[in-house]
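# Structure at a glance
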Amino acid sequence: MAPPPPSTQGNNHLSQPCIYERKSRFMKWLSKLFKGGSSRGGGARYPQFLGDENMVWHAPSRSVDDHPRINKEKEELDRAISLTLSEDLKRQNGCRWGKNNDEDIARALQDNLNLPKYPPYAPAKHDNLNLPPYPPYAPTLLYPRMGFRTCGGCHRDIGYGNYLGCMGTFFHPECFCCRACGYQIIEHEFSLSGSDPYHKSCFKELTHPKCEVCHHFIPTNGVGLIEYRCHPFWSQKYCPSHEHDSTARCCSCERLESWNSRYISLGDGRSLCLECMESAIMDTGDCQPLYHAIRDYYEGMNMKLDQQIPMLLVERQALNEAIVGERTGHHHMPETRGLCLSEEQTVTSILKRPKFGGQKLIGMRTQPQKLIRRCEVTAILVLYGLPRLLTGAILAHELMHGWLRLKGYRNLSPHVEEGICQVLSYLWLEAEVMPGYRSAPSTSTASSSSSPYSSSSKKGAKSNVERKLGEFFMHQIAHDASPAYGGGFRAANAAVNKYGLRCTLDHIRLTGSFPL
């Protein structure tokens, strides 16, 4: 509602108008200043506002004698406004005001005239401009400019400078950095993981699999997919090409040789990694303590071997020649690492362990030995250069062959004989790697529990490397794909777990098969 016109009667005081208008109140007040007040009977009026726009505040009365002072204040205000407008036109980056935005004009005038900001309901005194001791218009809250943005990197105001927008977040150009390396992203293309930006090269480094042999990014195949090989136990990832090139593979743990390390060549086409080399048994003399410990293991299960069966550590060629001369037995192709001999043969055994010469072994001393048949078992042969736990597992397997033959188990199928031998090998490894996991199975109801059956107690605690190797050898036995060794082990192990080793062996003696 507009204020009433000034009184034309000869009163000494002006009327006290009430201001109710919500919109354009400042523009009306400003137009009255420009029009001047000399043609009207009263002096200029200053509408007063406090707090909410709907509140009313009566302007104080003014005497007619104050006209000269008011006219002087009008001239000074006009001059200040004119000077402000001229300065704005000279600005290169000046703010543009909307025609109908009265509150924005009021804020700009207040900033340019250096008027203090009045808190609500608190009049202030303007000594420097000789203005009335109350604000000329309602105080308005200063809201952020329309371009107000906060940088997602430094969390400061971006202002009117250059900025980048990504996933609804804004950044100073120098604050848009890779989450991995921390350096600024200046390329036109980059990668996102969630809301985190990355250089494309950094993101590839984090997500693209690398070959653990050549340490290069695994290439894509013909259809654009990343194709690689992965070992089922060690989870070693490598390029498919390394299966067909000259990359060496450890004959014990099956891991491929990395370009950052070198395997030891055993001189017979086999290579050994450094971890397996730490506990490798290289000659017959070194293997004797382990052989006797495994015989003690059998005796602790009431499966004592009465005959003294010779044990020899041999080279690969000697083992293959012995296999050719053996008429009985079943051999795990393509690589046989142990043999239970039943025929008389002359075998070359390793008498003295070789020495290291660069990346190969040198100085090995061998000795031919005539093996004479004195019982159903002539000798046990084991391939040299294998870790202690793998050598022991082979010995436990071959000793079970000897025990079956000495106890009169005849004409067993490969599935049954190799299966029950693998069970004894697995049980020995389990006792070595996980002592106390389960009690050793007994072949009688009155087993000798006081007899030691694990050589681990004599050797002391094993390292984490050797324990992991033992777990791998157990994994090999359990997941063997061959019908005789793998399938036979799983059938024999199920029978032993269900009925016990003694009942399973008795059933094999009577029927030649595993109990169901």
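Our structure's up above, just so we're on the same page.
Residues numbered from 1 in each chain as written. Predicted model: local features only at pLDDT ≥ 70, side-chain atom pairs only at ≥ 80, totals over all residues. Heavy atoms only, no water.

## What to know about the overall build of the protein
We apply this condition: Secondary structure counts use DSSP, requiring at least four H or I residues in a row for a helix and at least two E residues in a row for a strand, with both numbered from the N terminus. Each residue is placed in one exposure class: buried if its accessible area under a 1.4 Å probe, protein chains only, is under 20% of its type's maximum, exposed if it is over 50%, and partly exposed if it falls in between. Whether two residues are in contact is decided by their heavy atoms: any pair within 4.5 Å suffices. In this description, accessible areas are obtained by the Shrake-Rupley approach with a 1.4 Å probe, and a residue is regarded as covered only by the protein chains that are shown.
Within the protein one finds 13 helices and 17 strands. Among the 516 residues that make up the protein, the fraction classed as buried is 41%. Put simply, of all contacts in the protein between residues at least 6 apart along the chain, 59% involve residues at least 24 apart. A total of about 29000 Å² of accessible surface is found on the protein, and carbon and sulfur atoms cover 52% of it.

## As for a nonpolar patch on the surface
Defined as follows: Grouping into patches uses exposed residues only, defined as over 30% relative accessible area, and leaves out salt-bridged ones; the cut-off is 9 Å for like charges and 5 Å for nonpolar side chains (Val, Leu, Ile, Met, Phe, Trp, Tyr). Throughout this description, the term salt bridge denotes a Lys or Arg side-chain nitrogen within 4 Å of a carboxyl oxygen of Asp or Glu.
Together, Met 167, Phe 190 and Leu 192 give the surface a local cluster of nonpolar side chains, amounting to about 280 Å² of exposed area. Mapping Met 167 onto the fold places it in the loop between β1 (164-166) and β2 (169-171). The exposure class assigned to Met 167 is exposed, which follows from its relative accessible area of 60%.

## A closer look at the packing of helix α8 (residues 388-406) against helix α9 (residues 414-433)
Let me state the cut-off plainly: In this description, a line fitted to the C-alpha atoms serves as the axis of each element, helices being fitted only across the stretch in contact, and the angle between N-to-C directions of two axes falls anywhere from 0 to 180 degrees. In this scheme, roughly parallel covers angles under 35 degrees and roughly antiparallel covers those over 145, while 65 to 115 is roughly perpendicular and the rest are oblique. A clockwise turn of the near helix away from the far one marks a right-handed crossing, whereas an anticlockwise turn of less than a right angle marks a left-handed crossing. We call Asp, Glu, Lys and Arg charged. Ala, Val, Leu, Ile, Met, Phe, Trp, Tyr, Cys and Pro are nonpolar, and the rest, Gly among them, are polar.
Where α8 meets α9, the axes come as close as 8 Å, and the angle between the chain directions of the two elements is 140°. If you check the angle between α8 and α9, you find them oblique. As for the relative orientation of α8 and α9, their crossing is right-handed in sense. Residues Arg 388, Leu 389, Gly 392, Ala 393, Ala 396, His 397, Met 400, His 401, Leu 404 and Arg 405 of α8 form the contact with α9, whose own contacting residues are Glu 417, Glu 418, Ile 420, Cys 421, Gln 422, Leu 424, Ser 425, Trp 428, Leu 429, Glu 432 and Val 433. Tallied by class, residues from the contact of α8 with α9 come to 11 nonpolar, five polar and five charged.

## Focus: the nonpolar core
Spelled out, the test is: Among the buried residues, those of types Ala, Val, Leu, Ile, Met, Phe, Trp, Tyr and Cys that are joined through side-chain atoms within 4.5 Å form a nonpolar core.
Counting residues in each nonpolar core, the largest one holds 85 residues, and the members touching the most others are Leu 381, Leu 395, Met 400 and Ile 420. The greatest single-element share of this core, amounting to 11 residues, is contributed by α9. With residues up to four places along the chain from it excluded, the contact list for Leu 381 reads Leu 312, Val 314, Leu 319, Ala 322, Arg 337, Gly 338, Leu 339, Leu 341, Val 347 and Leu 371. In terms of nonpolar packing, the next biggest core, distinct from the first, is built from 10 residues, Ile 158, Cys 175, Cys 178 and Ile 185 among them.

## Looking at helix α6 (residues 284-300)
This is how it is decided: By this rule the span expected of a helix is its residue count minus one, scaled by 1.5 Å. By the criterion applied in these results, polar contacts are pairs of N or O atoms within 3.5 Å in which, for protein atoms, one can donate a hydrogen and the other can accept it, and in which residues neighboring in sequence qualify only through two side-chain atoms.
Between its terminal C-alpha atoms α6 stretches 24 Å, which fits the 24 Å expected from 17 residues at 1.5 Å a residue. Every buried residue belonging to α6 is among Thr 284, Cys 287, Leu 290, Tyr 291, Ala 293, Ile 294, Arg 295, Tyr 297, Tyr 298 and Gly 300, and all of these are buried. Structurally, the start of α6 carries an N-cap: the backbone nitrogen of Gly 285 is 3.2 Å from a side-chain oxygen of Asp 283. Positive phi shows up at Asn 302, right after α6, with a value of about 60°.

## Here we look at the pairing of strand β16 (residues 379-383)
Rules: For two strands to be treated as a pair, DSSP must find at least two bridges joining them.
Here β16 lies mainly inside the structure; five of its five residues are buried. Alternating residues of β16 divide into Ala 379, Leu 381 and Leu 383 and Ile 380 and Val 382, and every residue in both groups is buried. For strand β10 (residues 311-314) and β16, the ladder comprises four bridges, and the chain directions are parallel. Directly across from Val 314, in β16, lies its bridge partner Leu 383.

## Re helix α11 (residues 464-478)
Taking 1.5 Å per residue, 15 residues should reach 21 Å; α11 reaches 21 Å between its end C-alpha atoms and fits that length. Every buried residue of α11 is accounted for by Glu 466, Leu 469, Gly 470, Phe 472, Phe 473, Met 474 and Ile 477. Its buried side turned inward, α11 meets α5 (274-277), β17 (386-387), α8, α9 and α12 (483-499).

## Quick word on the environment of Asn 260
In this fold, Asn 260 is placed in the loop between β6 (237-238) and β7 (264-265). A relative accessible area of 65% means that Asn 260 is categorised as exposed. Residues Asn 260 and Cys 214, 46 residues apart in the sequence, show an inter-C-alpha distance of 8.2 Å. Within the local environment of Asn 260, its side chain forms a polar contact with the side chain of His 215, the two groups lying 3.0 Å apart.

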